[in-house]
Amino acid sequence: MRSSRRFLLAAGLALITATVPFAPAARAEDPKEIRLDWATYNPVGLLLKEKGFLEEALKPKGIRVRWVQSLGSNKALEFLNAGAIDIGSAAGAAALVARINGNPIKAVYAFSRPEWTALVTRNETGITKPADLKGKRVAVTRGTDPHIFLIRALQGAGLTEKDAKLVLLQHPDGRTALDRGDVDAWAGLDPLMAAAEIENGDVLFHRDAAANTWGLLDVREDFAKAHPDLVRTVIAAYEQARAYALANPQALSAALVAATKLPEPVIARQLARTDLSQPTIGPAQTESIKAAGLALQQAGVIPAATDVAAAVDGLLDPGFNPVAAR
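Summarised in this report is the structure supplied together with it. (Residues numbered from 1 in each chain as written. Predicted model: local features only at pLDDT ≥ 70, side-chain atom pairs only at ≥ 80, totals over all residues. Heavy atoms only, no water.)

**Quick look at the pairing of strand S10 (residues 215-220)**
For S10, a buried count of six out of six residues is recorded, marking the element as mostly surrounded by other parts of the structure. Side chains Gly215, Leu217 and Val219 of S10 all project onto a buried face; the interleaved residues Leu216, Asp218 and Arg220 project onto the opposite face, where all are buried too. Two elements, strand S4 (residues 105-114) and S10, share six bridges in a ladder whose sense is antiparallel. Residue Ala107 lies in a different strand from S10, and its bridge partner there is Asp218. (Buried < 20%, exposed > 50% of the residue type's maximum accessible area, 1.4 Å probe, protein only. Helix = DSSP H or I, 4+ residues; strand = E, 2+ residues; numbered from the N terminus. Pairing = 2+ DSSP bridges.)

**Brief notes about helix H13 (residues 283-298)**
Given a rise of 1.5 Å per residue, 16 residues ought to cover 22 Å, and the 22 Å separating the end C-alpha atoms of H13 matches this to within 8%. If you check which residues of H13 are buried, you get Gln285, Thr286, Ser288, Ile289, Ala292, Gly293, Ala295, Leu296 and Gln297. Looking at the buried residues of H13, the elements they touch are helix H5 (92-100), S4, helix H6 (145-156), S10 and helix H14 (308-315). Where H13 ends, the next residue or the one after it, Gly300, has phi of about 85 degrees, a positive value. (Expected span 1.5 Å × (residues − 1). Contact = heavy atoms within 4.5 Å.)

**Side note on the sheet that holds strand S8 (residues 185-187)**
Taking strand neighbours across the sheet as the criterion, the five strands line up as S7-S6-S8-S5-S9 in an open arrangement whose pairing is mixed. Among the strands making up the open sheet, the edge pair consists of strand S7 (165-168) and strand S9 (203-206). Each neighbouring strand pair of the sheet contributes to a mean axis angle of 35 degrees, computed without reference to strand direction. By the bridge criterion, four bridges tie strand S6 (residues 137-140) to S7 in an arrangement that is parallel. Pairing of Val138 across the sheet is with Leu166, part of S7. (Axes fitted to C-alpha atoms, helices over the stretch in contact; angles between N-to-C directions.)

**Side note on the packing of helix H7 (residues 171-180) against helix H8 (residues 192-200)**
It is at 10 Å that the axes of H7 and H8 come closest, and there the two elements cross at 25 degrees. By the angle between their directions, the pair H7 and H8 is classed as roughly parallel. Classified by chirality, the crossing of H8 by H7 is right-handed. Here His171, Pro172, Arg175 and Asp179 of H7 come into contact with H8, specifically with Leu192, Ala195, Ala196, Glu199 and Asn200. (Parallel < 35°, antiparallel > 145°, perpendicular 65-115°, else oblique. Left-handed = near helix turned anticlockwise from the far one by under 90°.)

**Examining the nonpolar core**
One finds Ile34, Leu36 and Tyr238 to be the most contacted residues of the largest nonpolar core, which totals 73 residues. Residue contributions to this core peak at eight residues, all from helix H10 (residues 228-247). Ignoring any residue separated from it by four or fewer positions in sequence, one finds Leu36 in contact with Leu54, Val65, Arg66, Trp67, Val68, Ile85, Ile87, Val234 and Tyr238. Core analysis: the next-biggest nonpolar cluster, separate from the first, contains 15 residues, Leu150, Ala164, Ala187 and Phe205 among them. (Core = buried A, V, L, I, M, F, W, Y, C linked by side-chain atoms within 4.5 Å.)

**Concerning the environment of Leu271**
Along the chain, the position of Leu271 falls in helix H12 (residues 264-272). Sequence separation between Leu271 and Arg35 is 236 residues, and the spatial gap between their C-alpha atoms is 26 Å. Excluding residues within four positions of it along the chain, Leu271 makes contact with Pro43, Leu252, Ser253 and Leu256.

**Remarks on the packing of aromatic side chains**
Within this structure, the stated rule accounts for four aromatic pairs. Between Phe111 and Trp116, the ring centres sit 6.4 Å apart and the planes meet at 55 degrees, which makes this aromatic pair tilted. Overall, the relative accessible area of 0% leaves Phe111 in the buried class. For Trp116, a relative accessible area of 4% corresponds to the buried category. Aromatic ring contacts, followed pair by pair, group Tyr41, Phe111 and Trp116 into a single cluster. Sitting over the ring of Trp38, Lys49 keeps its end group 5.2 Å from the ring centre. (Phe/Tyr/Trp six-rings, centres within 6.5 Å; stacked < 30°, edge-to-face > 60°. Lys NZ or Arg CZ within 6 Å of the ring centre and 35° of its normal.)

Interpretation in functional terms is not warranted from these geometric data alone.
Given below as structure tokens:
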């Protein structure tokens, strides 16, 4: 008797399941505020902040925009990992290392293809190549493209980080330490690097444009899943700012001058090394970041067991590429 009742109950539940459709999953409510970083190494984001394109786009939805300054990729990635911002600017290789280390981010847009880092020294040090850094004091911001660039340069000279004396400083303090003579060299970052060249006569003794990885816009993975339309709105606003920058180079320069308090010739040097023409996520970023990842793996920075190619694929998300560019 009991088995018959259980059968009837099961049959009734099956009938209800078959005839009553499931309600669709509720869409996540829009947040009251979206938080982005701004950085002097991200000219497009800086112009976006100045022009208010994103604020204008989100005004009908009643969503505020809060801007948080990041002084380097390491800070932007820390902010993302802590949930302090939703979308941030970082170098591709730095974002890869962060994701491998457990930072749940996706790269959704390329704000620039820069040559924003090189190894810098004062004119009188006699340093002319990475091999000369053995035993020397080098200022560097750990977890950034300049740090990764330094590792790869040392590796090419048959050296490791342990062969030099790294002095861990944020980028502005690194330039100051070089100028004071507190360090012998600095893994530089524009526009501070351009200022060191022009204002102090400092020398970029090792350059390699191909070893500079892309400037990428990263989003917290949970935010991208919950609010994909907002991510697309941000990217559309970035595209508006990028188009404005390309059509109005003087406006881009003026925005950087105002934010950095650096003279126009310095900003002109930075922008001359910055390509804003390739915003979509695709093979170019994949190859560049994978090459950096494999070099870091050989240097022992990334664990030997890591599948670097899979990690790069996990980081890059072309699904948010600008519609016009697909």
